[in-house]
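Residues per chain, in single letters:
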Amino acid sequence: MSAAGTAARATSVVGGAKRWSGGARRRATTCSAHPSGNKSVSSLSGSRARPTINAVSFLGSSSVNGVNRNYDPNPTHNIEGPAIQYLQQSNVSGPLKIFSGSCNEPLALEVANYLGMELGEIDIKKFADGETYVQLQESIRGCDVFLIQSTSPPCNDNLMELLIMIDACKRASARNITAVIPYFGYARADRKASGREAITAKLVANLLTEAGADRVLSLDLHSLQCVGYFDIPVDHVFGQPVLLEYLLSKGFNDEELVVVSPDVGGVARARAFAKLLNDAPLAIIDKRRTGHNVAEVMNVIGDIEGKVAIMVDDMIDTAGTITKGAEVLVNEGAKGVIACATHPVFSGPAVERLSSGCFQEVIVTNSIPPVSKPGEFPQLTVLSVANLLGESIWRVHNSSSVHALGL
């Protein structure tokens, strides 16, 4: 079963990690059910957790479900690990260690559970003046370290925390440091739209590199050109299989679906999504201003009458554009509108707009912790990308290809 398929079919979610007061050590804790309210789909199952694995040595061979596995820390038995075909373990990378920042510990716990591991012990706290303090609570000398931290709001605090975590790992003699950034903030500042502007995406890439990161693993960057801003390897994974698996499970007829790009800039993303959704037809919302201080005029290019419109974007921030687009689609005769996005930034009035009745369902992932309270937003469905990230981490650690993931 694919990582995306597992994420779409499971039905429980991690409640979060226990943090001791005063910035004490953080450990992986028992997973609890998510509070009732918004629908959530996760990669964890309360009845079965993946067995613990040891990433230091891999001996012997076995086959589980037709998958070759060449690792066993104890020659007397074989232990199941992530499903990677034809896995060839290399001892060059060192033992695998995973640490979580404070931004999205529930997602990091799910990733660790998929890998059959516990999160590494790390002490993160803030001083009275707002400075961030980070100390690793275990040795990582010679280890292959993965740091899971999104740069979601408050983005500056979370970014600085990630940089300090990288520096701490470098000074603790980690062999390789990979920054796992499910949501890469500042990705929209990827060019100079006018004079005297900063290209902040490039600046953040430089900061991560200079802090000591050897590699970056990210999910659904706002623009692919951000990959070129880094002077270190970047593994860019697409989250669309998680969304697609869930949509296909809803049993829509191919004839009643149409994939809609909310603007001209997202046509390439929507076209790729439509192709994977049984080659569904494509429609585009064209926004135009006839002059300054004049309201936007929206036109729909394509046939959407009597169909369920799937609006696809990489993120939902204030939800202004996607909500106006949904209103236009309904006025043009769409039977229903479903919004799909990987990153639920949900700034300002986003939740109010999305829950206003324009959308039949809003589908996002847990790359960013949800900001809505349980029951406040019944149209919201949160899918887990933990399996996708966990499989990516395992493949990077074992020098295997990640090209097929997210395609």
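Residues numbered from 1 in each chain as written. Predicted model: local features only at pLDDT ≥ 70, side-chain atom pairs only at ≥ 80, totals over all residues. Heavy atoms only, no water.

A. The arrangement of the pairing of strand β10 (residues 234–237) in detail. The alternating pattern of β10 places Val234 and His236 and Asp235 and Val237 on opposite faces, both of which are buried. Where strand β9 (residues 215–219) and β10 come together, four bridges link them in parallel fashion. Its bridge partner lying in β10, Val216 is registered against Val234. (Buried < 20%, exposed > 50% of the residue type's maximum accessible area, 1.4 Å probe, protein only. Helix = DSSP H or I, 4+ residues; strand = E, 2+ residues; numbered from the N terminus. Pairing = 2+ DSSP bridges.)

B. Spatial organisation of the sheet that holds β9. Judged by pairing direction, the sheet is parallel, and its five strands sit side by side in the order β4-β7-β8-β9-β10 without closing on themselves. The open sheet has two edge strands, β4 (96–100) and β10, and neither has a second partner. With direction set aside, neighbouring strand axes in the sheet form an average angle of 20 degrees. Here five bridges tie β4 to strand β7 (residues 144–148), and the two strands are oriented parallel to one another. Directly across from Phe99, in β7, lies its bridge partner Leu147. (Axes fitted to C-alpha atoms, helices over the stretch in contact; angles between N-to-C directions.)

C. Representation of the packing of aromatic side chains. Taken as a whole and assessed by the stated rule, the structure comprises three aromatic pairs. Centre to centre, the rings of Phe127 and Tyr133 are 5.8 Å apart; their planes meet at 70 degrees, and the pair counts as edge-to-face. Relative accessible area serves as the criterion here: at 43%, Phe127 is assigned to the partly exposed category. Taking the relative accessible area as the measure of exposure, Tyr133 reaches 27% and is therefore partly exposed. Centroid distance Phe184 to Phe230: 5.8 Å. Interplanar angle 55 degrees. Geometry classified as tilted. Linking Phe184 in the loop between β8 (176–181) and α4 (200–211) with Phe230 in the loop between β9 and β10, this pair joins segments that are 46 residues apart in sequence. Just as Phe184 is buried, Phe230 falls in that class too. A cation over a ring is seen here: Lys125 above Tyr133, with NZ or CZ 5.1 Å from the ring centre. (Phe/Tyr/Trp six-rings, centres within 6.5 Å; stacked < 30°, edge-to-face > 60°. Lys NZ or Arg CZ within 6 Å of the ring centre and 35° of its normal.)

D. Focus on the pattern of salt bridges. One pass over the full model with this rule turns up 10 salt bridges. Residue Asp190 pairs with Arg191 through a salt bridge whose shortest N-O separation is 3.1 Å. A residue is classified by how much of its surface remains accessible, and Asp190, at 4% relative accessible area, is buried. By relative accessible area, Arg191 is classed as exposed at 51%. Salt-bridge contacts for Asp313 lead to Arg269; the nearest nitrogen and oxygen are separated by 3.5 Å. In this pair, Asp313 is assigned in strand β14 (residues 308–316) and Arg269 in helix α6 (residues 267–276), connecting sequence segments 44 residues apart. Residues joined in a network through salt bridges with shared partners are Arg269, Asp313 and Asp314. (Salt bridge = Lys/Arg side-chain N within 4 Å of Asp/Glu carboxyl O.)

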